[in-house]
Amino acid sequence: MNHDTAFKHLLTTFFVEFLQAFLPEVATYVDTHTLEFLDKEVISRITADSKKREADLVVKAKFKGEETFFLVHVENQSRREKDFPKRMFRYFSRLHDQYNLPVYPIALFSYDTPRTPEPNTYRVVFPNKRVLEFEYSVVQLNQLSWRSFLGQPNPVATALMAKMQIASGDRWRVKLECVRLIVSMHLDPEKLQLIWAFVEGYLPLTEAETLVYEREFANLPQEEQEATMELTTSWERKGIQLGKEQGIQLGKEQGIQLGKEQGIHDGKALLLSQMVEKRFGSISAELQREIESLSTDQLDHFGLSLLGFHSLADLEAWFAHG
């Protein structure tokens, strides 16, 4: 999975919601009608001599009620890096110099470990003088409790709950709460699937956790269960029904489980094929078979990787190196 492109796609789709969830004070003065996402070629110029070839996200916007612009730079960091504060300052200085605009820098740390707090400052200090003290905002997901975001049905917060602090016994509970939040948002199907791809990709449940999850799901109010089932496809529901029919020969519980597993697999494969065709046009029968041949876990990885594909060539390269 390309974590950087996956996160960039999520934040581009839900940029305002990201600010509302994690930097609400910034959200109050951004004119959301003036957002302009700077393209990849422009951004790459500020990182020409960096090991990382492009900044994750740079957005140009006006201050609310004013005619002046500023930039918001969001850098997703999927691993700890010793010189990261210096790199953030480098990006800031180049953006500020190139556009002659104020820059609001944000570091989004999405790794699982270590959990020690990340610094938010880059300093240049002499014995008799402090030459520079550059500060940036830090959103460190493994420092945040997923429970803090249950009261706000925010799409970005819901997706990123899968990367927050989660006790081992709460993994199934987080996934269940994510499902309930997703349903409550009433978003269009493509955005729903984007959020669900994060939850599925970053919070896979063990077999034991899945059993608890399904048992607790059955205890939800009927209307919530019905709304949640809209996240599944007709192929998945068909698979569950097939399992019930096979239960006559296989034993009811075993048949339902086998049918459900096959239905989930077929449903995911069908959905991902539709997403590929929607983005890149019709696909060959051979490529369709390759998608269908993936295991359920591989389909989850493919779905998250798909967020970063720019063409069918990217998709074909994924299978070639699979």
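Residues numbered from 1 in each chain as written. Predicted model: local features only at pLDDT ≥ 70, side-chain atom pairs only at ≥ 80, totals over all residues. Heavy atoms only, no water.

**Remarks on the overall build of the protein**
- Within the protein, the regular secondary structure consists of 15 helices and 7 strands.
- Taken over 322 residues, the protein has a buried fraction of 44%.
- Summarising the internal contacts of the protein: among those between residues at least 6 apart in sequence, 66% fall at separations of at least 24.
- Total accessible area on the protein is roughly 17,100 Å²; 51% of this is exposed by carbon and sulfur atoms. (Helix = DSSP H or I, 4+ residues; strand = E, 2+ residues; numbered from the N terminus. Buried < 20%, exposed > 50% of the residue type's maximum accessible area, 1.4 Å probe, protein only. Contact = heavy atoms within 4.5 Å. Areas by Shrake-Rupley, 256 points an atom, 1.4 Å probe, with all protein chains shown as cover.)

**Overview of the environment of V30**
- You can see V30 is positioned in the loop between α3 (24-27) and β1 (36-37).
- Residue classification places V30 among the buried residues on the basis of a relative accessible area of 3%.
- The sequence separation of V30 and G65 amounts to 35 residues, and the corresponding C-alpha distance is 9.1 Å.
- If sequence neighbours within four positions are ignored, V30 has contacts with L19, L35, A61, K62, K64 and F70.

**With respect to the packing of helix α7 (residues 171-185) against helix α8 (residues 189-202)**
- The geometry of α7 relative to α8 is characterised by a closest axis approach of 11 Å and an angle of 175° between their N-to-C directions. If you check the angle between α7 and α8, you find them roughly antiparallel. Taking contact as the criterion, the partners of K175, C178, V179, I182 and M185 in α7 are, on α8, L192, I195, W196, V199 and E200.
- Class assignment of the residues belonging to the contact of α7 with α8 gives a composition of 8 nonpolar, no polar and 2 charged. (Axes fitted to C-alpha atoms, helices over the stretch in contact; angles between N-to-C directions. Parallel < 35°, antiparallel > 145°, perpendicular 65-115°, else oblique. Nonpolar A, V, L, I, M, F, W, Y, C, P; charged D, E, K, R; others polar.)

**Some words on α7**
- In a regular helix each residue adds 1.5 Å, so 15 residues correspond to 21 Å; α7 covers 22 Å between its end C-alpha atoms and thus fits that length.
- Those residues of α7 that fall on the buried side of the exposure criterion are W172, V174, K175, L176, C178, V179, L181, I182, V183 and M185.
- Looking at the buried positions of α7, the neighbouring elements they touch are α6 (155-160), α8, α9 (207-217) and α10 (222-229).
- H186 sits one or two positions beyond α7 and adopts a positive phi of about 55°. (Expected span 1.5 Å × (residues − 1).)

**Focus: the confidence of the model for the protein**
- Averaged over all residues, the pLDDT of the protein equals 83, while 82% of them reach at least 70.
- The least confident element of the protein is helix α11 (residues 234-250), whose mean pLDDT is 47; the most confident is strand β7 (residues 137-140), at 98. (pLDDT = per-residue confidence, 0-100.)

**Re the packing of aromatic side chains**
- Counted according to the given criterion, the structure contains 21 aromatic pairs.
- Between F198 and Y202 the ring centres are 5.4 Å apart and the planes differ by 45°, which places this aromatic pair in the tilted class. You can see F198 and its partner Y202 sitting in helix α8, 4 residues apart, about one turn around the helix. Here F198 and Y202 have matching classes, each one buried.
- Pairwise contacts between aromatic rings join F84, F89, F92, F109, Y111, Y122, F134 and Y136 into one cluster.
- In this arrangement the basic side chain of K60 is found over the ring face of F69, its NZ or CZ atom lying 4.7 Å from the centre. (Phe/Tyr/Trp six-rings, centres within 6.5 Å; stacked < 30°, edge-to-face > 60°. Lys NZ or Arg CZ within 6 Å of the ring centre and 35° of its normal.)

**A short note on the packing of helix α14 (residues 296-306) against helix α15 (residues 312-320)**
- Remark: α14 packs on α15, axes separated minimally by 11 Å, with the N-to-C direction vectors making an angle of 145°. The way α14 lies across α15 gives a crossing that is right-handed. Where α14 abuts α15, its residues Q298, H301, F302, S305 and L306 lie against L315, W318 and F319.
- A breakdown of the residues in the contact of α14 with α15 according to their chemical character gives 5 nonpolar, 3 polar and no charged. (Left-handed = near helix turned anticlockwise from the far one by under 90°.)

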